[in-house]
Amino acid sequence: MKKLTAILLVLAMTLVLFTGCGGDSGKKEEKDDGIIRVWVGEESAEFYQKVCDEYLAANSDFGYKIEVKGMDTGSVAGVITNDPTAAADIYTVAHDNIGKLASTQCAKPITDEALIAQVTADNPEAFKNVIYSSLNDKEYLYGVPYISQALFLYYNKALVTEEQAKSFEGLREAARAAGCKAITVTGDDGFNMSFAILARKVDDKSTTVKIYEGADKVLGGAKGTSNCQGDDTVAIYRWLQAFAADPNGFKWASSDGWDADLDKDNKGVLAVIGGSWHFKTASAALGESNLGITLIPTFTLTPASVEGLTGVAAGDTFRGGTFADCKCFMINANSASSKYAKEQELIKHLSSKEIQDRSFLECSNVPAYSGSVSYIEQCFAEGKITESQHKMAAAQLGMAEWGIPQPFITSTLNTYYYSKQAPSVLRAIVDKTAYPTTGTQIIEETETLEGVRKALYLVEYIWMHGLTPTEFPATLPAGA
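From a predicted model like this one, the values you see are computed outputs, not experimental measurements.

Student: Could you clarify how one ought to interpret the layout of surface pockets in this entry?
Tutor: To locate leftover empty space, one rolls a probe as large as a water molecule over the atoms. Estimates place the volume of the largest pocket at around 860 Å³. Thr-73, Gly-74, Gln-149, Trp-277 and Lys-327 are, among the 34 residues lining the largest pocket, the residues nearest its centre. When contributions to the lining of the largest pocket are tallied by element, the ones reaching two or more residues are strand 7 (144-149), helix 11 (279-286), strand 18 (325-332) and helix 17 (411-419). Broken down by class, the residue content of the lining of the largest pocket amounts to nine nonpolar, 16 polar and nine charged. When residues of the lining of the largest pocket are sorted by domain, at least three fall in each of domain 1 (35-149 + 325-404) and domain 2 (152-323 + 420-465).

See below:
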């Protein structure tokens, strides 16, 4: 009876899910062609095809061929929503896309009990909080974590000492000696600039920033609580303004790209905040022997950055923060229902600890499961990975203590945070320029304390409403 109930649940879900994705309510599931297609990151395709071939050799009754293709995983969610019939049966996305894909009926929930048990047993609570979404007002597992990711620091060991790399001030000291800028980022979007908005006080890891805390996973539900107007956030952005204005401080990536800036021959910048997916590019820019890797540095608030504020003081030290995320396998809603059980069987294998460990060893993909640091340390002790690979994994796992998973559990929250001009307003603060807005135009300066407060109010308002207010409150900070 239990098995029959599970089968009926799967069939019911399947009927619900084969409408809506891609904007076509009449869209039908694909026919079963005897092939299960899998999309992974471009850097991992060869490895996962090998793993799948091994799985088929060991399981001759699996019943399907498996084809693995490398993709830019950052663009997969867009491909799925635009034309799901052109997408793989199993695809990889960062977890912040789960709510969007689930709410637009572009994904099937995970129903296999063994797979659900594996996900529950293996993953940290932070990941388990962001891989579920809602269907018909009920919560289901949609994403299966298998890679973790966070931002950390790459730097030029030939020009920066290990001690200097621990702080933004130390990087600036090295940059003055080298005659260049200290640090850049790989993009000015809301993810790559999370080092500033998510910075935490070193002595207690505190921050007043809140991003959709307590949001409801149900489509159209409550957006939770957000705040980015605290005195610590104001001071951090005033500090960053000054650091960007310093001839040896922060810079945006040039038109040739951050890797060209970092290149050991160009010496345009000494360090970049990036992730494990930038490892090969950073290594190529600096050379393996020059590639230094560590946590995102600390910085200390100056008297100028805290002037007029009461919640912070000169000398307070913060560490740059990060979104600490997971990449997940998901199942395409347009995949033939006859493949459903085998797709989940395959995902269970590909996301197992054993395969995550091998993926790290062969592709430098840092595992998502709890306690993976022990395996990484063992690999280094046994000489299976280089010092740079070890430091990369250690830095990423270390930054998890200074970050949060992206909290965008619905499509609306993801869109409001990334696509409604809030990142542009934050960049304008750094640049001390007037900022672009959505809706009614409210163009203000960002050089004064009042200007920074207004800009941060605007960011928070956009996060919560997806548009620009008609006017600013008379007194700030204020609820947005």
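Student: Even after reading the chapter, I still don't get the pattern of salt bridges, so can you show me in this structure?
Tutor: Proximity of charged atoms lets side chains of opposite charge pair with each other. What the rule picks out here adds up to 21 salt bridges. The salt bridge involving Asp-188 is made with Arg-427; its shortest N-O contact spans 2.8 Å. Residue Asp-188 is located in the loop between strand 9 (181-185) and helix 8 (194-197), and its partner Arg-427 is located in helix 18 (residues 422-431); the two are separated by 239 residues in the primary sequence. A relative accessible area of 33% means that Asp-188 is categorised as partly exposed. Salt-bridge contacts for Glu-444 lead to Lys-454; the nearest nitrogen and oxygen are separated by 3.7 Å. Of this pair, Glu-444 sits in the loop between helix 18 and helix 19 (449-465) while Lys-454 is found in helix 19, placing the two residues 10 residues apart along the sequence. You can call Glu-444 partly exposed: its relative accessible area is 23%.

Student: I would appreciate a short explanation of the sheet that holds strand 10 (residues 200-201) in the present structure.
Tutor: Two orientations exist for strands paired in a sheet by backbone hydrogen bonds: parallel and antiparallel. Here we have three strands laid out as an open sheet, ordered 10-16-15, and antiparallel in their pairing. Here the strands that pair on one side only, and so sit at the sheet edges, are strand 10 and strand 15 (298-300). The pairing of strand 10 with strand 16 (residues 317-319) spans two bridges and is antiparallel. Residue Arg-200 lies in a different strand from strand 16, and its bridge partner there is Arg-319.

What counts, and at which threshold
Residues numbered from 1 in each chain as written. Predicted model: local features only at pLDDT ≥ 70, side-chain atom pairs only at ≥ 80, totals over all residues. Heavy atoms only, no water. 1 Å grid on protein atoms, 1.4 Å probe; cavity = no way out; pocket = protein on both sides within 12 Å on 5 of 7 lines; lining within 4 Å. Points joined across faces, edges and corners; volume = space filled by probe spheres on them. Helix = DSSP H or I, 4+ residues; strand = E, 2+ residues; numbered from the N terminus. Nonpolar A, V, L, I, M, F, W, Y, C, P; charged D, E, K, R; others polar. Domains from an automatic or database assignment. Salt bridge = Lys/Arg side-chain N within 4 Å of Asp/Glu carboxyl O. Buried < 20%, exposed > 50% of the residue type's maximum accessible area, 1.4 Å probe, protein only. Pairing = 2+ DSSP bridges.

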